[in-house]
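Residue strings, one per chain:
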Amino acid sequence: MRRQSIQTNTLQFIEKEDLMLFVNACFTCTQQQEFYESNQSQRLSIEFLHDYILGNYRQLYALTLAAGINHFNQSLIVLKLLAAGAPEASDWKIEEGDLIRNALKGLPVNRVFKLFGQLKKLRVNNRRTRAVIKEYLVSRTDPAFDAVKYRAKVKDAITHTHMNAMGELGRFLFGVKPGAPFQTPLFETYRKAEYSQKAMYALPFTVAEGFAVKHGISRAQFLKNIQSNMTQAERLRLQSSASRERNTSIEVDFKKTGLTKLSLYWLSLDEKMRAAHRTKMEQGLDHQVTRLLQGMDLGTRKIALVADRSYSMWGSYEKKQRPLAVVFGIHQLLQRANQQGLCDWYKAFWSVKPKDAMALTPYGQTSISEPFVKALSARPDLILIVSDGAENDPPGVTDQVFRAWKQNFAESDNTRVIHLNPVYNADSFTVKPLSGEMLTLGIRDAEDLPFLLNYGKFVEEHSCLADFTEYLRGKLK
Amino acid sequence: MKAMSQSKYVLTHLDLNQFTLAPSQVWGNIRLVPVIRKPDSAAPEEKAKLRLGLRSYDEPYSIVALDGKPSLQDTSTCYYSYIPHAMVATWSNDGQPHAAQGCYLKQSKKKQSDNMVRLEYRMAKREGLNQYRFLPLHLAMEGFLSICFNGPNVAWGEYTDSALRFGLQQRSERSVNGRCIDGLEEALRVFEIHPNQIGMVVFVADSLASIFIVSHPLDYRVMHQSLLEDFYGEILFYYGATDYTAPDLLDAINNDLAEDLEIQKVEDLHKIVDTARQSWQKEQTGLMQEIIGRQIESKVVNRLGPFRLQRFTTDFDPAKTNYIGEALVRKDGSIEYLKTFNLSRAQTNRVRLLKTLADHDWHLEQTAKTLECTKGDLLKRLDHAGFGYLIKQHLMNPSAHRKN
């Protein structure tokens, strides 16, 4: 997609560039507002990019599903593939089918049903689409639970595919509302919840919430009693809602939440709360990191992290502190890896040094070049730069430092430098690089780090599209 | 007074040598340059401390009685404007920390005022022993409007009776609110404040819009958004609307900084960063050449303990952009507060005309000679500048007079 490269380099190079660009985009973009960009420009950009890749490299487009990209892009790829119709070649067809099936299995249920809703809205109703939806619905282990929790969406999916909804499921979804008693316990609970508060508390949180309003139960009372039916994500999400009510609190199990989610929650707390929960948080981090590091080989002895904590890492109202949470998560991960002896030496070099890494806030200017020089001077094996790439103190100097270093010292020092960027840049259809010559990868979660290190190595060593395809096929198996 | 003007208290020219200009942050055609104070040799504890705070005014319009008498009754001169906030300065002589009263960060219990007009007494007013309230930038603007406000001091025949008796009837100038400058709001939102930043230089389409400096980094953080509420020279509205992208100054300097540097070991790479910083500082100072080092005329408004509040103007040279502003200066000449406003060409011409008249005791022929035009031309210029009412009608428009 770069005009310059077309003139100077081979077709292979362009193909690789395009693909790297697409994988980076698929790791970072969620069509949400960013610090410097609106959701509108993000939407236009990612939609175009998907169409471009689908049109030119359909096989690879489908294979990207296996690369561990984020949920938003997975569902968008499935949507575009289904909308484009099945490919002619039979082996492609089978491979795509497998990829779609696996992707849907890995996606959260709500996202899958949202995707089905989008298919209906776009009036994508070819035979393959119907088969995919049907297969998914049939494969669900507890269809009654899905029907209760995602009632409207399941209804949409069933009508869209002309499925036969016989028996109680059909009556529950399409029948007259109060109706006769059900045999299925959950349907019966749902029916009773119209009249009984006790039955209401046995329903999933989001469903019960509506009934609570109907029964006129106070928010505090409701939150207190429904806690056993909340998912972990709901517990985190409702912290501030609960804190508004008097004498109400929702317990959070720090050990059950993933690293980035946990970091996001931690960064959302104010100073007082952070001081109160610090020990619990540290234990939670220990637990999460140990789980992540099990059987993982960082493959390097000395690691330096150049961490950007500038104000722009605050993100946006739609993704609050997401970029900062990635920095925080990676720092905690590497710090603990060092403590556990997985690497010999680790140090973080901050854009503006925080007094305490646990009390991290987005603050100050984006000064990357200075900590980068310090990191280079320590001569580590690997330097990770985590930044949104909007360098401004002074702008563009990291590029110059990197080029000068590469020219003079790269051979003797043998240091790998990777820039991880959590923010998608709509104008360039990829993440914003600090230097054109530096390996720049998109990152969504701190948990992706092991994969990205592996992927980064592959990208550095191989340059042709066929290798790429093989690499992604390897992921599939 | 003479001894005072020689001391460092009063600014004779503007320089920002005591500050570092960090590399600018650009958003479209807005360039924002962070100002950081250079580390001081004197122990900071011994120095008197100055803190500034904002006191917001809700009223859409304000009237300030300039002589401090009850406004609209006994006042002879009033200043009318929209005033979004007042600035409150508190200081301590012993280096103890202070915060301005009425400017604490606390939850507001005050209901929004229902008044449509706010009545204030004086542009700058003492509020107790160590506290002082002034209306930022309006203080400088009022000083600008009051230049030659008394009118002719010699009763030449050409002037009307009212001009001789009461001086200028009223003076008004236009400016634009920060919100009217396209992109400024977004530029301020995405701006990343440096940890020890104490000020900001605002460029619109690389033309200087304002220099704003306070004494304490925390005060700056609070006042960062107030740059949007301030008023700017009219021309900046048009500059803001231009389709211009402020360029990366580094490209203009040198695309390869490492070329001329001696880099022996990895640690030497620091030199690249340092060179880049120095180049930025130089280039950005270059952008401000119209105001840096220029002769300015300052007038002390009041003394605030060890500080002097003053307003200043440049020399009204019609070939250059002219500025007015206000400053709080410490005994050793260090600037603790600074705010500037750039005048349009028409504004410069108006005040230059008045000043030249005043220099010649309002004698029209002599003034015309200095300005190298005829008396008739001068009268025309006065009329265009909005001062026609000072001259008798039959002189202003002789042909019309003859017809009748």
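Residues numbered from 1 in each chain as written. Chains lettered and ligands numbered in written order. Predicted model: local features only at pLDDT ≥ 70, side-chain atom pairs only at ≥ 80, totals over all residues. Heavy atoms only, no water.

1. Topic: the overall build of chain A
How we decide: Note on conventions: DSSP H or I runs of at least 4 residues are helices, E runs of at least 2 residues are strands, and numbering of each starts at the N terminus. The atom set for the radius of gyration is the C-alpha atoms, and the globule formula is 2.2 Å times the number of residues raised to the power 0.38. Classification of residues uses two cut-offs on accessible area relative to the type maximum, computed with a 1.4 Å probe and protein chains only: under 20% is buried, over 50% is exposed, and between them is partly exposed. Working rule for contacts: check all heavy atoms of both residues, and any pair within 4.5 Å makes them a contact. The Shrake-Rupley method, run with a 1.4 Å probe sphere, supplies the accessible areas, and residue values consider only the shown protein chains as cover.
Within chain A one finds 25 helices and 7 strands. For chain A, the C-alpha radius of gyration of 25 Å lies close to 23 Å, the compact-globule estimate for 477 residues. Of all 477 residues assigned to chain A, the portion counted as buried reaches 55%. Summarising the internal contacts of chain A: among those between residues at least 6 apart in sequence, 68% fall at separations of at least 24. Accessible surface, chain A: about 21700 Å² in total, of which carbon and sulfur atoms supply 49%.

2. A word on helix H2 (residues 11-28) of chain A
Filter applied, for reference: To estimate the expected span of a helix, count its residues, drop one, and scale the result by 1.5 Å.
Here H2(A) is 18 residues long and its end C-alpha atoms lie 26 Å apart, about the 26 Å a rise of 1.5 Å per residue gives. Of all 18 residues in H2(A), 13 are buried, a share of seventy percent or more.

3. Some words on the packing of helix H19 (residues 271-293) of chain A against helix H20 (residues 322-339) of chain A
For any two helices packed against each other, one specifies the crossing angle of their axes together with the interaxial distance. Residue and element names in this part refer to chain A. Selection rule: Only the stretch in contact is used when a helix axis is fitted, and all axes are lines through C-alpha atoms; the angle between N-to-C directions ranges over 0 to 180 degrees. Here roughly perpendicular refers to angles of 65 to 115 degrees, roughly parallel to angles under 35, roughly antiparallel to angles over 145, and oblique to all remaining angles. For this classification, Asp, Glu, Lys and Arg are treated as charged, while Ala, Val, Leu, Ile, Met, Phe, Trp, Tyr, Cys and Pro are nonpolar and the rest, including Gly, are polar.
Remark: H19 packs on H20, axes separated minimally by 10 Å, with the N-to-C direction vectors making an angle of 75°. Between H19 and H20, the angle falls in the class roughly perpendicular. Here H19 contributes Met281, Glu282, Leu285, Asp286, Val289, Leu292 and Leu293 to the contact with H20, which in turn contributes Phe328, Gln332, Leu333, Arg336 and Ala337. Taken together, the residues of the contact of H19 with H20 sort by class into 8 nonpolar, 1 polar and 3 charged.

4. Some words on the sheet that holds strand E6 (residues 78-81) of chain B
Residues and elements named next belong to chain B. Basically, it comes down to this: In this analysis, strands are considered paired if DSSP registers two or more bridges between them.
With mixed pairing, 3 strands are arranged side by side in an open sheet as E6-E5-E8. Pairing within the sheet leaves two strands with one partner each, and these edge strands are E6 and strand E8 (117-121). Adjacent strand axes in the sheet meet at a mean angle of 20°, parallel and antiparallel pairs treated alike. Here strand E5 (residues 61-65) pairs with E8 via 5 bridges, running parallel.

5. With respect to the packing of aromatic side chains
For clarity, the cut-off: Paired rings are identified among Phe, Tyr and Trp, the last through its six-membered ring, by centres lying within 6.5 Å, and are further divided according to the angle between planes into stacked (under 30 degrees), edge-to-face (over 60) and tilted (the rest). Consider the ring centre and the ring normal. A charge sits over the ring if Lys NZ or Arg CZ is within 6 Å of that centre and within 35 degrees of that normal.
Following the criterion strictly, the structure yields 31 aromatic pairs over all chains and no others. Taken together, a centroid distance of 6.0 Å and an interplanar angle of 90° make the contact between Phe113(A) and Phe116(A) edge-to-face. Of this pair, Phe113(A) and Phe116(A) both sit in helix H7 (residues 109-121), separated by 3 residues, roughly a single helical turn. Like Phe113(A), the residue Phe116(A) is buried in the burial classification. When the ring centre of Tyr57(B) is taken as origin, the NZ or CZ atom of Arg118(B), which lies over that ring, is 3.7 Å away. Its end group placed over the ring of Tyr9(B), Arg308(B) keeps NZ or CZ at 4.0 Å from the ring centre.

6. So, the nonpolar core
All names here are of chain A. For the record, the criterion: Definition used in this section: a nonpolar core is a set of buried Ala, Val, Leu, Ile, Met, Phe, Trp, Tyr and Cys residues joined via side-chain atoms within 4.5 Å.
Residues Leu104, Phe116, Ile330, Leu420 and Tyr455 are the most contacted members of the largest nonpolar core, which totals 134 residues. Residue contributions to this core peak at 9 residues, all from H20. Contacts of Phe116, omitting those with residues within four sequence positions, involve Leu104, Ile133, Tyr136 and Ala157.

7. Focus: the environment of Ala358(B)
All names here are of chain B. Mapped onto the fold, Ala358 is located in helix H9 (residues 345-359). For Ala358, a relative accessible area of 26% puts it in the partly exposed group. Separated by 50 residues in the primary sequence, Ala358 and Arg308 place their C-alpha atoms 28 Å from one another.

8. Section: the packing of helix H5 (residues 71-84) of chain A against H7(A)
Residues and elements named next belong to chain A. As a reminder, the rule being used: In this scheme the crossing of two helices becomes right-handed for a clockwise turn of the near helix relative to the far one and left-handed for an anticlockwise turn of less than a right angle.
One can describe the packing of H5 onto H7 by two numbers: an axis separation of 10 Å at closest approach and a directional angle of 35°. For the crossing formed where H5 meets H7, the hand is right-handed. Every residue of H7 that contacts H5 at His71, Phe72, Ser75, Val78, Leu79 and Leu82 is listed here: Arg111, Leu115, Gln118 and Leu119. Taken together, the residues of the contact of H5 with H7 break down into 6 nonpolar, 3 polar and 1 charged.

9. Structural notes on the side chain of Asn421(A)
Residue and element names in this part refer to chain A. Definition in use: Any N or O atom pair separated by 3.5 Å or less is treated as a polar contact, with the protein-specific requirement of one donor-capable and one acceptor-capable atom, and with residues adjacent in sequence counted only for side-chain atom pairs.
Note that Asn421 resides in strand E4 (residues 416-421). Here Asn421 falls in the buried class, since its relative accessible area comes to 0%. A polar contact is formed between the side chain of Asn421 and the backbone oxygen of Lys432, at a distance of 2.8 Å. Residues contacting Asn421, with those up to four places away along its chain left out, are Thr28, Ser387, Asp388, Gly389, Val431, Lys432, Leu441, Gly442 and Ile443.

10. Description of a nonpolar patch on the surface
The cut-off we apply is this: Patch definition: residues with relative accessible area over 30% and no salt bridge; like charges joined within 9 Å; nonpolar side chains (Val, Leu, Ile, Met, Phe, Trp, Tyr) joined within 5 Å. By definition here, a salt bridge exists when the distance from a side-chain nitrogen of Lys or Arg to a carboxyl oxygen of Asp or Glu is within 4 Å.
Taken together, Tyr61(B), Leu72(B), Tyr80(B), Met116(B), Val117(B) and Leu119(B) make up a surface patch of nonpolar side chains, about 600 Å² in accessible area. By relative accessible area, Leu72(B) is classed as exposed at 56%.

11. Observations regarding the pattern of salt bridges
Under the definition given, this model contains 49 salt bridges over all chains. Between Glu142(B) and Arg311(B) there is a salt bridge, with the nearest N and O atoms lying 2.9 Å from each other. In this pair, Glu142(B) is assigned in helix H2 (residues 138-145) and Arg311(B) in strand E16 (residues 307-313), connecting sequence segments 169 residues apart. Take Glu142(B) and Arg311(B): they sit in the same class, and that class is buried. When salt bridges with common partners are traced through the structure, they connect Arg278(A), Glu282(A), Asp286(A), Arg336(A) and Asp356(A) into a single cluster.

12. As for the interface of chain B and chain A
A common way to report how large an interface is uses the accessible area buried once the components associate. Spelled out, the test is: What counts as buried area is the accessible surface, traced by a 1.4 Å probe, that two parts surrender upon association, with contributions from both included.
Between chain B and chain A, the residue contacts involve 32 residues of the former and 31 residues of the latter. Taken together, both faces of the contact between chain B and chain A bury some 2600 Å²; the carbon and sulfur share is 59%. Interface area lost by chain B to chain A is led by Glu192(B), Val266(B) and Leu269(B), which between them contribute 25%. At the boundary of chain B and chain A, one finds 3 salt bridges. One salt bridge connects Asp393(A) with Arg277(B), and the closest N-O pair in it is separated by 2.9 Å.

13. As for the pairing of strand E7 (residues 439-442) of chain A
Residues and elements named next belong to chain A. Of the two faces of E7, both are covered, the one formed by Leu439 and Leu441 as well as the one formed by Thr440 and Gly442. In this structure, E4 lies alongside E7, joined through 4 bridges in parallel fashion. Considered in E7, the bridge of Asn421 is made with Gly442.

14. A short note on the sheet that holds strand E4 (residues 49-56) of chain B
Across a sheet, paired strands are connected by hydrogen bonds in the backbone, their directions being either parallel or antiparallel. Residue and element names in this part refer to chain B. With antiparallel pairing, 4 strands are arranged side by side in an open sheet as E4-E7-E10-E9. In the strand order of this sheet, the two ends are held by E4 and strand E9 (124-126), each with one partner. On average, each strand axis in the sheet is tilted by 20° relative to the strand beside it, whichever way the strands run. Across 3 bridges, the pairing between E9 and strand E10 (residues 131-134) is antiparallel.

15. Section: the state of the cysteines
To keep it simple, the criterion reads: When two cysteine sulfur atoms are found within 2.5 Å, that pair is recorded as a disulfide.
The tally for this structure, following the rule as stated, stands at 0 disulfides over all chains. Cysteine Cys26(A) remains unbridged, with the sulfur of Cys29(A) as its closest cysteine sulfur at 8.6 Å.

16. A word on empty space enclosed by the protein
With a probe scaled to a water molecule rolled over the atoms, the places where space remains empty come into view. All names here are of chain A. Test applied: Every definition here rests on a 1 Å grid over the protein atoms only: cavities are sets of points where a 1.4 Å probe fits but cannot get out, pockets are open sets enclosed by protein on both sides within 12 Å along at least five of seven lines, and lining residues have some atom within 4 Å of a point. Grid points are joined across faces, edges and corners, and a volume is the space filled by probe spheres set on the points.
Here the structure, examined in full by the defined rule, presents 2 cavities of 30 Å³ or more. By volume, the largest cavity is sized at about 90 Å³. Forming the walls of the largest cavity are 11 residues, and the residues nearest its centre are Arg151, Phe172, Lys177, Phe182 and Tyr190. Of all the secondary structure elements, the ones that give two or more residues to the lining of the largest cavity are helix H11 (167-174) and helix H12 (185-193). When the residues that make up the lining of the largest cavity are grouped by side-chain class, the tally is 5 nonpolar, 1 polar and 5 charged. One number sums up the size of the second largest cavity: a volume of about 30 Å³. Elements supplying a minimum of two residues to the lining of the second largest cavity: helix H4 (58-63) and helix H6 (90-106). Examining the composition of the lining of the second largest cavity, we find that 4 residues originate from one element, H6, more than from any other. Tallied by class, residues from the lining of the second largest cavity come to 3 nonpolar, 1 polar and 3 charged.

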